[in-house]
Amino acid sequence: MQSQYRYIVVGGGAAGAVAAATLAKKNIGKVLLLEGGYSHKHPLLDMPAGIFKMINGSKYMHYHHTTPQAHLGGRVHDIPQGNVLGGGSSVNAQVYMRGRPSDYDEWNDFLGGQAGWGWQDVLPHFKSMEANNRLLNDYHGHDGPVLVSDPKYIDDSSREFVQSVQAQGIPFNDDFNGVRQKGVGFYQFTNRNGRRSSTAYAYLDPSVVPENLDIKLQHKVHKVLIENGKAVGVVYENDSGSVEEIRLDPDVEGEVILAAGALITPKLLLLSGLGAAKQLAQFNIGCEVDLPGVGENLIDHPEVPVIATAKPGFGYYKQGDGWRMLLNGLQFKLFGNGPVTSAGVEAGAFVNPERPEEEATIQAFCVPMVYLDRDVLNLVSNEYGMTITTVVVKPVSRGYVRLASANPMDAPVICPNLLKDEQDLRAMMAGQRFFIQSFQTAPLANSIKSIVIPDVKTLTDETLAEHCRNTVKTNYHPAGTCRMGRDEDELAVLDKRLRVRGVKGLRVCDMSAVPNINAGNTNAVAMMLGKRCAEFILKEDG
């Protein structure tokens, strides 16, 4: 089918929504956004803490399963990804983090220097997207489309966490995205007054979406059409199950932009004949361009919990059930405040337990409840308690994404290799020991009954390493599988302008594009990538 579309964006998540809206607003051609998931308009998605009702099973999430991880005793664990307009920004815990300046300076150096990806290059893009309700300075903006806010409600248990970590010698930090990242404090969030500010709302709401942008939901793209070395359209399955193709307007220079995430974007490239020739030959897929880096370099933040039980009344246990749920809902309805406005995570920290003077190696999230991934839910009873999750922010371990078959409906083969490198395991163990001590430090120690995971009574290096391997999970930040790189980099899939090597009119703008993962949550970074991709295209198109 020939169309009038100048740009086709595949994936309506954090990156794709921003890219599509930014292109459309310039009004130099029609834009088509194809999203495989559902509408974001659901009350539990809107409420900041609603995701805790869905995290272990929902149509708004797609649950990828890893290969058996030999170094984790054969464990197979889940990697949930958004299956909804707005992608991760519609289903995440809304923590607003960018990482730190050295993350982007590292990218810039990796790309050869003067590549346009240093901290000073990306900071203006972050600021322009942000509408912060407290900060307006060299690091923050106030008039962008994404609402960034302080938590409207902070549970006393979160305050105790912050005070206990301060008692361990960690300074209070009132802005993890400001002058310095290290410290302990309260996160900011992409929500406002009890409602999530996803990219679906910020960029694709009917009140702001341009007329030249068409959005199609439950349209699953199978592959990119490539003819004579140029992307000319896509093949997709529509919401009624029919497989069709849509082509770019042949009368203008158009582009296809992939933003399906670090697990699906490489799969689409491979199905399109872009990837390692040997892998493609296994499935009788013709090789358009031999790109051995497609699907390699999978990076994710590994997360391990420390869990303590607590005295009655502590934290959020049962606050979403029965009469408590009704009372909290009534408070929100009448006064617009209370626990309903919390994302369920309010406080956190960035620390380096081994070398305190250097940049943080560990990010912590304070969750005022017993919280476990669904494959290890049976390890502890659900009662009053707190979970502190420790995350290695710059992991060394690398995994991969590969095809399972030539069938577009088959899930990819995913091997994340979390904690496989001993350096990551050592960093995680140091983080665990630090935050075990937080539970043992007043005022938190006064509210805690006992630490139940890991078993501190028998804690040794061996038992702690076993605990880490038994409970490690994704922090929901897969990245790096179609990375940018220099011309001489054999594993580089993209150039520094996010263009797929060897193909005209094809770019990638999601977290698969990054050379290395940023230190912190990735939602804001994905939005920045989408914005930059659109601006690269607009600049080149004049």
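1. Concerning the overall build of the protein
And then number 1: Looking only at helices and strands, one finds 14 helices and 25 strands in the protein.
And then number 2: On C-alpha atoms alone, the protein measures out to a radius of gyration of 23 Å, which is about the 24 Å that the 2.2 N^0.38 rule sets for 542 residues.
And then number 3: Taking the principal axes of its C-alpha atoms as reference, the protein extends roughly 70 × 50 × 45 Å.
And then number 4: Out of the 542 residues belonging to the protein, those deemed buried represent 61%.
And then number 5: Per element, the accessible surface of the protein, about 20,500 Å² overall, is 49% carbon and sulfur.

2. What to know about the sheet that holds strand β14 (residues 255-258)
And then number 1: Pairing within the open sheet is parallel, and its five strands lie in the order β10-β2-β1-β14-β25. Among the strands making up the open sheet, the edge pair consists of β10 (213-216) and β25 (506-508). The average undirected angle you get between the axes of adjacent strands in this sheet is 20°.
And then number 2: Alignment of strand β1 (residues 5-10) against β14, held across four bridges, turns out to be parallel. Bridge pairing in β14 places Ile 8 opposite Val 256.
And then number 3: Strands in contact with helix α1 (residues 14-25) are β1, β2 (30-34), β10 and β14; relative to β2, the strand with the most contacts, it is inclined by about 165°.
And then number 4: Of the strands in this sheet, β1, β14 and β25 touch helix α14 (residues 523-540), which is tilted by about 150° from β25.

3. So, the packing of aromatic side chains
And then number 1: Going through the model one piece at a time under the given rule, you end up with 13 aromatic pairs.
And then number 2: Geometrically, the ring pair formed by Tyr 38 and Tyr 60 is edge-to-face, given 6.1 Å between the ring centres and 75° between the ring planes. A residue pair is termed long-range when its members are at least 10 positions apart, and Tyr 38 in the loop between β2 and α2 (43-46) and Tyr 60 in the loop between α2 and β3 (61-65) qualify at 22 residues.
And then number 3: A residue is classified by how much of its surface remains accessible, and Tyr 38, at 26% relative accessible area, is partly exposed.

4. Quick look at the pattern of salt bridges
A side chain with one charge may pair with a side chain of the opposite charge, provided their charged atoms come close.
And then number 1: Under the counting rule described, the total for this entry stands at 21 salt bridges.
And then number 2: With a shortest N-O distance of 2.5 Å, Arg 98 and Glu 130 are connected by a salt bridge. A residue pair is termed long-range when its members are at least 10 positions apart, and Arg 98 in the loop between α3 (88-91) and α4 (101-110) and Glu 130 in strand β5 (residues 130-132) qualify at 32 residues. Accessibility assignment for this pair places Arg 98 and Glu 130 in one class, buried.

5. Points about the side chain of His 222
And then number 1: Tracing the backbone shows His 222 in strand β11 (residues 220-227).
And then number 2: The exposure class assigned to His 222 is buried, which follows from its relative accessible area of 10%.
And then number 3: Those residues in contact with His 222, other than ones at most four positions away along the chain, are Val 235, Tyr 236, Glu 237, Val 243, Leu 268, Leu 271, Pro 408 and Met 409.

6. Structural notes on the pairing of strand β12 (residues 230-237)
And then number 1: Burial within β12 is extensive, with six of its eight residues counted as buried.
And then number 2: Pairing geometry for β11 and β12, over seven bridges, is antiparallel. Counterpart to Lys 220 in the pairing with β12 is Glu 237.
And then number 3: Connecting β12 to the next strand, strand β13 (residues 243-247), in antiparallel fashion are five residues, including Gly 241 with a positive phi near 95°.

7. Thoughts on the sheet that holds β12
And then number 1: Taking strand neighbours across the sheet as the criterion, the three strands line up as β11-β12-β13 in an open arrangement whose pairing is antiparallel. Looking at the sheet topology across the chains shown, the edges are occupied by β11 and β13. Averaged over neighbouring strand pairs, the angle between their axes works out to 25° when direction is ignored.

8. Describing the packing of helix α6 (residues 156-167) against helix α11 (residues 422-439)
And then number 1: Axis separation between α6 and α11 bottoms out at 9 Å; the angle between their running directions is 115°. In terms of orientation, α6 and α11 fall into the roughly perpendicular class. When the axes of α6 and α11 are compared, the crossing they make is right-handed. Contacts between α6 and α11 involve Phe 161, Ser 164 and Val 165 from the first element and Phe 434, Phe 435 and Ser 438 from the second.

9. Observations concerning the nonpolar core
In a soluble, globular protein the nonpolar side chains are often hidden away together inside.
And then number 1: The biggest cluster of nonpolar side chains holds 88 residues, and the ones touching the most others in it are Ile 8, Trp 117, Phe 126, Val 256, Leu 269 and Leu 506.
And then number 2: What Phe 126 contacts, discounting residues up to four positions off in sequence, is Tyr 96, Arg 98, Tyr 104, Trp 119, Ala 524, Val 525 and Met 528.
And then number 3: In this structure, Val 306, Ala 364, Leu 419 and Leu 464 belong to the second largest nonpolar core, which totals 41 residues.

10. Examining helix α5 (residues 119-129)
And then number 1: For α5, the full list of buried residues reads Trp 119, Val 122, Leu 123, His 125, Phe 126 and Met 129.
And then number 2: Looking at the buried residues of α5, the elements they touch are α4, β5, β6 (146-148) and α14.

11. Details of unusual backbone geometry
And then number 1: In this chain, Ala 442 is followed by Pro 443 through a cis amide linkage whose omega measures 10°.
And then number 2: Relative to the helices and strands, Pro 443 is located in the loop between α11 and α12 (444-447).
And then number 3: In this structure, Pro 454 follows Ile 453 across a cis peptide bond, with omega equal to -5°.
And then number 4: As for its placement among the helices and strands, Pro 454 is situated in the loop between β23 (448-453) and α13 (461-471).
And then number 5: One non-glycine residue, Gln 114, lies in positive phi territory at about 50°.

12. What to know about the environment of Glu 358
And then number 1: Mapped onto the fold, Glu 358 is located in the loop between β18 (347-351) and β19 (362-367).
And then number 2: For Glu 358, the contacting residues outside a window of four places in its chain are Lys 182 and Asn 352.

13. Notes on the packing of α11 against α13
And then number 1: Running from N to C, α11 and α13 cross one another at 105°; their axes reach a closest spacing of 10 Å. By the angle class used here, α11 and α13 are roughly perpendicular. Of the residues in α13, those in contact with Glu 422, Leu 425, Met 428, Met 429, Gln 432 and Arg 433 of α11 are Asp 461, Leu 464, Ala 465, His 467, Cys 468 and Arg 469.
And then number 2: Taken together, the residues that form the contact of α11 with α13 break down as six nonpolar, two polar and four charged.

14. Details of the side chain of Glu 346
And then number 1: Looking at the element boundaries, Glu 346 is found in the loop between α10 (322-335) and β18.
And then number 2: Here Glu 346 sits buried without a salt bridge, and the closest side chain of opposite charge, Arg 159, lies 7.5 Å off (N-O distance).
And then number 3: Here Asp 155 takes part through its backbone nitrogen, which lies 3.0 Å from a polar atom of the side chain of Glu 346.
And then number 4: Discounting residues that sit within four places of it in the chain, Glu 346 has contacts with Pro 151, Tyr 153, Ile 154, Asp 155, Ser 158, Gly 185, Phe 186, Tyr 187, Phe 189, Tyr 316 and Cys 366.

Here is what the cut-offs are and how they apply
- Residues numbered from 1 in each chain as written.
- Predicted model: local features only at pLDDT ≥ 70, side-chain atom pairs only at ≥ 80, totals over all residues.
- Heavy atoms only, no water.
- Helix = DSSP H or I, 4+ residues; strand = E, 2+ residues; numbered from the N terminus.
- Rg over C-alpha atoms; globule rule 2.2 N^0.38 Å.
- Buried < 20%, exposed > 50% of the residue type's maximum accessible area, 1.4 Å probe, protein only.
- Areas by Shrake-Rupley, 256 points an atom, 1.4 Å probe, with all protein chains shown as cover.
- Pairing = 2+ DSSP bridges.
- Axes fitted to C-alpha atoms, helices over the stretch in contact; angles between N-to-C directions.
- Contact = heavy atoms within 4.5 Å.
- Phe/Tyr/Trp six-rings, centres within 6.5 Å; stacked < 30°, edge-to-face > 60°.
- Salt bridge = Lys/Arg side-chain N within 4 Å of Asp/Glu carboxyl O.
- Parallel < 35°, antiparallel > 145°, perpendicular 65-115°, else oblique.
- Left-handed = near helix turned anticlockwise from the far one by under 90°.
- Core = buried A, V, L, I, M, F, W, Y, C linked by side-chain atoms within 4.5 Å.
- Nonpolar A, V, L, I, M, F, W, Y, C, P; charged D, E, K, R; others polar.
- Lys, Arg positive; Asp, Glu negative; His and termini not counted.
- Polar contact = N/O pair within 3.5 Å; in protein donor to acceptor, adjacent residues only side chain to side chain.

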